Amino acid sequence: SGSLNDGLARSVTNLAEVERRLGNYSAAIEQGERALKIRIASVGIEHPEVADTLVVLALAHRDRGDFKRARELAEDALARLQRDFAPDHPLVFNAQVTLALIQESQGETKEASARVVAALAAARDDHID
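Residues numbered from 1 in each chain as written. Predicted model: local features only at pLDDT ≥ 70, side-chain atom pairs only at ≥ 80, totals over all residues. Heavy atoms only, no water.

Chemist: Sorry if this is basic, but what is going on with the environment of Ala86 here?
Modeler: With respect to the helices and strands, Ala86 occurs in the loop between helix 4 (67–84) and helix 5 (90–105). Taking the C-alpha atoms as reference, Ala86 lies 23 Å from Arg39; in sequence the two are 47 residues apart. (Helix = DSSP H or I, 4+ residues; strand = E, 2+ residues; numbered from the N terminus.)

Encoded structure:
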């Protein structure tokens, strides 16, 4: 039932993101952790979709003010995605922007800006003549 669990993990990840957007950060983190468990059980710790859940969790921790945990999760997600995808992949871009948002929250404005500029440059390389 790998595909069933995978669908469930995606739904629970989406639920975590909805809770986060509603401002229910504890619920978002709870659902994110649940999605992570389902995903790891379903597709394994190395699967790229694990990173998708990590990004949502990172944002929920950032919104709750736990920048240290948020950064650990975002850096983990980014490292996983960079291992599996080219720099111009949308998931890599998303993780870069997430990490930049967290850096900004921690007062690292210059580093955050540089990260976004580099991510945009990488994303544009192949797609614009």
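Having put the structure on the table, let's press on.
Chemist: Looking at this structure, I do not really get the packing of helix 3 (residues 48–64) against helix 4. What am I missing?
Modeler: The contact between helix 3 and helix 4 brings their axes to 8 Å, and the two run at 160°. By the angle between their axes, helix 3 is roughly antiparallel relative to helix 4. As helix 3 runs across helix 4, the sense of the crossing is left-handed. Of the residues in helix 4, those in contact with Pro48, Val50, Ala51, Leu54, Val55, Leu57, Ala58, His61 and Arg62 of helix 3 are Phe67, Arg69, Ala70, Leu73, Ala74, Asp76, Ala77, Arg80, Leu81 and Asp84. When the residues that make up the contact of helix 3 with helix 4 are grouped by side-chain class, the tally is 13 nonpolar, 1 polar and 5 charged. (Axes fitted to C-alpha atoms, helices over the stretch in contact; angles between N-to-C directions. Parallel < 35°, antiparallel > 145°, perpendicular 65-115°, else oblique. Left-handed = near helix turned anticlockwise from the far one by under 90°. Contact = heavy atoms within 4.5 Å. Nonpolar A, V, L, I, M, F, W, Y, C, P; charged D, E, K, R; others polar.)

Chemist: Could you clarify how one ought to interpret helix 5 in this entry?
Modeler: Note that an α-helix has 3.6 residues per turn; residues three or four places apart therefore point the same way. Look at helix 5: 23 Å from first C-alpha to last across 16 residues, which is about the 22 Å you get at 1.5 Å a residue. For helix 5, every residue scored as buried is listed here: Val92, Ala95, Gln96, Thr98, Leu99, Ala100, Ile102 and Gln103. Just downstream of helix 5, Gly107 is the residue with a positive phi angle, here 85°. (Expected span 1.5 Å × (residues − 1). Buried < 20%, exposed > 50% of the residue type's maximum accessible area, 1.4 Å probe, protein only.)

Chemist: I keep staring at the environment of Pro87 and nothing clicks. Help me out?
Modeler: Relative to the helices and strands, Pro87 resides in the loop between helix 4 and helix 5. Pro87 sits in the exposed class, given a relative accessible area of 59%. It is 23 Å that separates the C-alpha atoms of Pro87 and Gly44, two residues lying 43 residues apart in sequence. With residues near it in sequence (within four places) discarded, Pro87 still touches Val92 and Ala122.

Chemist: What should I look at first to understand the environment of Ala123 in this one?
Modeler: By the element assignment, Ala123 lies in helix 6 (residues 109–125). By relative accessible area, Ala123 is classed as partly exposed at 21%. Separated by 45 residues in sequence, Ala123 and Leu78 place their C-alpha atoms 15 Å apart.

Chemist: How should the pattern of salt bridges be read in this particular structure?
Modeler: Two side chains carrying opposite charge are able to pair once their charged atoms lie near each other. Enumeration according to the criterion identifies 14 salt bridges in this entry. Here Asp76 makes a salt bridge to Arg80, at a shortest N to O gap of 3.0 Å. Highlighted residues: Asp76 and Arg80, both in helix 4, separated by 4 residues, approximately one helical turn. For Arg80, a relative accessible area of 10% translates into the label buried. Measuring nitrogen to oxygen at the nearest pair gives 3.5 Å for the salt bridge that ties Arg83 to Asp84. Connected via shared salt-bridge partners are Glu17, Arg20, Arg21, Arg62 and Asp63. (Salt bridge = Lys/Arg side-chain N within 4 Å of Asp/Glu carboxyl O.)

Geometric values such as these leave the question of function open.
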